[in-house]
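The lines below spell out each chain.
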Amino acid sequence: MRFTKQSSLIILFLISVALASCIRNIVDTKPIEPAPPAGYGSLGALPFKEAWYGMYFHEDKVGFSHFKIEPSGENFVISSDSVMRLTAMKKTDEVSMKERVLVKPDLSLISFDSEVKMNNRLLTVKGTSQADKFLLEMNADGEKIHREYPIDQKIYHTSGISLMPALRGVKQGKSYSFMVFNTEKQELEKIEQSISEVKGDPGPHGAIWKITTNYGQTVVYSWLDKQAKAVMEKAMEGQLITVLEDEAAAKRFLEKKTAGKDLILDISLIKVTKPIKNPEQTKFVKLKIDGVEPTLVPEDHRQKKSLINDSKSFTLAITAEDLRKRKKDQANISYEDNPELSPYLKDTLAITSKNKEIIDQSNKIVKQSSPDLDKVTEFTKWTAKNIKGSMQDSWTAVSVLKNKEGECEAHSNLYAAFARAHGIPTRVVMGLVYSDDKGFLYHAWAESYVDGWLAVDPTFGQIPADATHIKLANGIGAEAVPSLIKMLGKTKFEVLEFR
């Protein structure tokens, strides 16, 4: 049976949505006075200083969070802690986070310290904003990573996203934009917020304002009361809901003993009535797809779509690459000056391609002078053979190499680090793959640029990846959000043909 696991991927995404959007639900018993039209202007003027809220995914309570604003000299500290649990393949994973953020009265960032635990894996991140640069220090399972980024404007922390309307004012049609640091991408990213009045009767919990927040490809809708404090939010197409709760109600989540819906078996699994025999040998698969917009499934050199007349359905044909048509003698081509390919050579938090242990191991697997296709083949086979498939979570490719185990994302990150270390543009992709006796499950694999993009699966040891691999997005973080969320629990597949 072919097995795939991406619960850590989904958990990290959910926690990033819940915390990056940072809609803070405030509990306060003081009489409600409307927020001044121009905003409170300073954190010190806010009438609310603490928040407790619960998070619900597909009607199951999956977590809670708490935060508090306290003065620190002329500045302020926003401290927060949260817990989230999700079940996948009958295993429940837990993510907890503690954070301390020092900001100026206008919410601009001075520094932050955060600690994220996923099961027993630890990630600590420290950031400092200076006049012309932003300094980042990360420690992932004992591996230290330092980064420096030039900046020419104020930057903010994600903890301030939901507080910005209160500081700057709420008014029909008003909008804001500001820059925050995206830890996942390791780059600055623009936040855009727009404000509209709730039409007709007041919204949930007396909300009179609705905020639309765009964070990369993530969209979060929030509802604010007269004080411009958040009382509810919806993210992930309404599948993740954050609601106002008091401390006792929020903490009751910790007493929950039974697992909620299984993210894989109950929500994301796409069953098919016609099984695909020997999926690892398929060169061509054609599917009829219902329940989602065709735009959510991209086309590329492997997969092509066709709309069905007078129907919301479409067909998708996937053809595995033919290695016989690839140039096999290309070696050590430089892509550093290629703007389309150079991003896939970067050293990142997950794909630590410049790490000495990664480089040393990659040089043991292949010779520097070997053709790129040979390197891709050997890296794929080595990763599949030497990294045990397990539910073990890892933050970086180095952690995977040390632990010698992990799920599909771990295999793909390690493979990508090897390939990038040898100058081969490589990206981790997110999509679906057929699993015997189950149907299509979410999965991560990789694509390397060898005389064109080539799909390989370092978990299954496939070069090329078989035709049941359906790509939804390049990347496994924010890039995959639109397709992943809109397809969860809504997609129907009919197998028309395979060979």
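Residues numbered from 1 in each chain as written. Predicted model: local features only at pLDDT ≥ 70, side-chain atom pairs only at ≥ 80, totals over all residues. Heavy atoms only, no water.

*Asks:* Describe the pattern of salt bridges, listing the residues and the values that go with them.
*Replies:* All told, the structure shown has 14 salt bridges when counted by the stated rule. A salt bridge links Glu247 to Lys251, with the nearest nitrogen and oxygen atoms 2.9 Å apart. Placement of both Glu247 and Lys251 in helix α3 (residues 247–251) is noted, with a separation of four residues, approximately one turn of the helix. Overall, Glu247 belongs to the partly exposed group, its relative accessible area being 37%. Its relative accessible area of 37% is what places Lys251 among the partly exposed residues. (Salt bridge = Lys/Arg side-chain N within 4 Å of Asp/Glu carboxyl O. Helix = DSSP H or I, 4+ residues; strand = E, 2+ residues; numbered from the N terminus. Buried < 20%, exposed > 50% of the residue type's maximum accessible area, 1.4 Å probe, protein only.)

*Asks:* Now, about the sheet that holds strand β22 (residues 453–456): what can you tell me, with residues and values included?
*Replies:* With antiparallel pairing, the four strands of this open sheet are ordered in space as β22-β21-β20-β23. Edge positions in the open sheet fall to β22 and β23 (470–474), since each of these has one partner strand only. For this sheet, the mean angle separating the axes of adjacent strands, direction not counted, is 35°. The pairing of strand β20 (residues 426–435) with β23 spans four bridges and is classified as antiparallel. Counted as the bridge partner of Gly431 is Lys471 from β23. Of the strands in this sheet, β20, β21 (439–449) and β22 are in contact with helix α8 (residues 408–421), which crosses β21 at around 5°. (Pairing = 2+ DSSP bridges. Axes fitted to C-alpha atoms, helices over the stretch in contact; angles between N-to-C directions. Contact = heavy atoms within 4.5 Å.)

*Asks:* Explain the packing of helix α6 (residues 372–386) against α8 to me, using residue names and the numbers behind them.
*Replies:* Here α6 crosses α8 at 145°, and the two axes come no closer than 10 Å. Crossing hand, α6 versus α8: right-handed. Counting all contacts with α6, which are made through Val376, Phe379, Thr380, Trp382, Thr383 and Ala384, the residues of α8 involved are His411, Leu414, Tyr415, Phe418 and Ala419. Here the contact of α6 with α8 is composed, by residue class, of eight nonpolar, three polar and no charged. (Left-handed = near helix turned anticlockwise from the far one by under 90°. Nonpolar A, V, L, I, M, F, W, Y, C, P; charged D, E, K, R; others polar.)

*Asks:* Hey, could you go over the packing of aromatic side chains for me, with residue numbers and the actual values?
*Replies:* Applying the stated rule across the entire model yields 14 aromatic pairs. Here the aromatic residues Phe112, Phe134, Tyr149 and Phe181 are joined through ring pairs into a cluster of three or more. Above the ring of Phe284, the side-chain terminus of Arg499 is found at 4.2 Å from the ring centroid. (Phe/Tyr/Trp six-rings, centres within 6.5 Å; stacked < 30°, edge-to-face > 60°. Lys NZ or Arg CZ within 6 Å of the ring centre and 35° of its normal.)

*Asks:* Could you give me a rundown of unusual backbone geometry, with the residues and numbers involved?
*Replies:* Of note, the amide linkage connecting Ile463 to Pro464 takes the cis form, showing an omega dihedral of 0°. Here Pro464 lies in the loop between β22 and β23. Positive phi outside glycine occurs at Ala228, with the angle close to 70°. For Ala228, the position within the fold is in the loop between β12 (218–224) and β13 (230–235). On the basis of relative accessible area, Ala228 is assigned to the buried category, the value being 2%. Backbone geometry places Asn332, a non-glycine residue, at a positive phi of 55°. Relative to the assigned elements, Asn332 resides in the loop between β17 (314–319) and α5 (356–365).

*Asks:* Kindly report on the environment of Ile289, identifying the contributing residues and their values.
*Replies:* Residue position: Ile289 is located in strand β15 (residues 284–290). The class for Ile289 is buried, based on a relative accessible area of 1%. Not counting residues up to four positions away in its chain, the partners in contact with Ile289 are Ser313, Phe314, Leu316, Thr491, Lys492 and Phe493.

*Asks:* Summarise the nonpolar core; cite the residues concerned and give the values.
*Replies:* Generally speaking, nonpolar side chains in soluble globular proteins are found buried as a group. In terms of nonpolar packing, the biggest core is built from 51 residues, with Leu43, Leu46, Leu107 and Phe134 touching the most fellow members. Take this core: its biggest share by element is five residues, from strand β9 (residues 175–182). Setting aside residues up to four positions removed in sequence, Phe134 forms contacts with Leu109, Phe112, Gly127, Thr128, Ser129, Arg147, Glu148, Tyr149, Ile151, Ile155 and Phe181. By size, the runner-up hydrophobic cluster in this structure holds 36 residues, among which are Val62, Ile276, Leu472 and Phe493. (Core = buried A, V, L, I, M, F, W, Y, C linked by side-chain atoms within 4.5 Å.)

*Asks:* Give a detailed account of α6, specifying residues and quantitative values.
*Replies:* Here α6 spans 21 Å end to end across 15 residues, near enough to the 21 Å set by a 1.5 Å rise per residue. Within α6, burial applies to Asp372, Leu373, Lys375, Val376, Thr377, Phe379, Thr380, Trp382 and Thr383. In this structure, the buried residues of α6 make contact with α5, α7 (397–403), α8, β21 and β22. (Expected span 1.5 Å × (residues − 1).)

*Asks:* Would you mind going over α8 in detail, with residue names and values included?
*Replies:* In this model, α8 (14 residues) spans 20 Å end to end at C-alpha, consistent with the 20 Å of a helix rising 1.5 Å per residue. Across the 14 residues of α8, 13 count as buried, placing the element largely inside the fold. The N-capping residue of α8, defined by a side-chain oxygen 2.8 Å from the backbone nitrogen of Glu409, is Glu407. Just past α8, the residue Gly423 takes up positive phi, approximately 75°. (Polar contact = N/O pair within 3.5 Å; in protein donor to acceptor, adjacent residues only side chain to side chain.)

*Asks:* Break down the sheet that holds strand β24 (residues 492–498) for me, citing the residues and quoting the values.
*Replies:* On the basis of which strands lie adjacent, the open sheet formed by four strands has the order β16-β17-β15-β24 and antiparallel pairing. In this open sheet, the two edge strands, each paired with only one partner strand, are β16 (303–307) and β24. Shown here is a sheet whose adjacent strand axes are inclined to one another by a mean of 25°, direction ignored. In this sheet, β17 lies alongside β16 in antiparallel orientation, the contact comprising five bridges.

*Asks:* Talk me through the pairing of strand β10 (residues 187–197); I want residue IDs and the actual numbers.
*Replies:* Sheet topology places β9 next to β10; eight bridges connect them, and they run antiparallel. Bridge pairing in β10 places Phe178 opposite Ile191. Here β10 pairs with strand β11 (residues 209–215) via seven bridges, running antiparallel. Across the sheet, the residue bridging to Glu197 is Trp209, located in β11.

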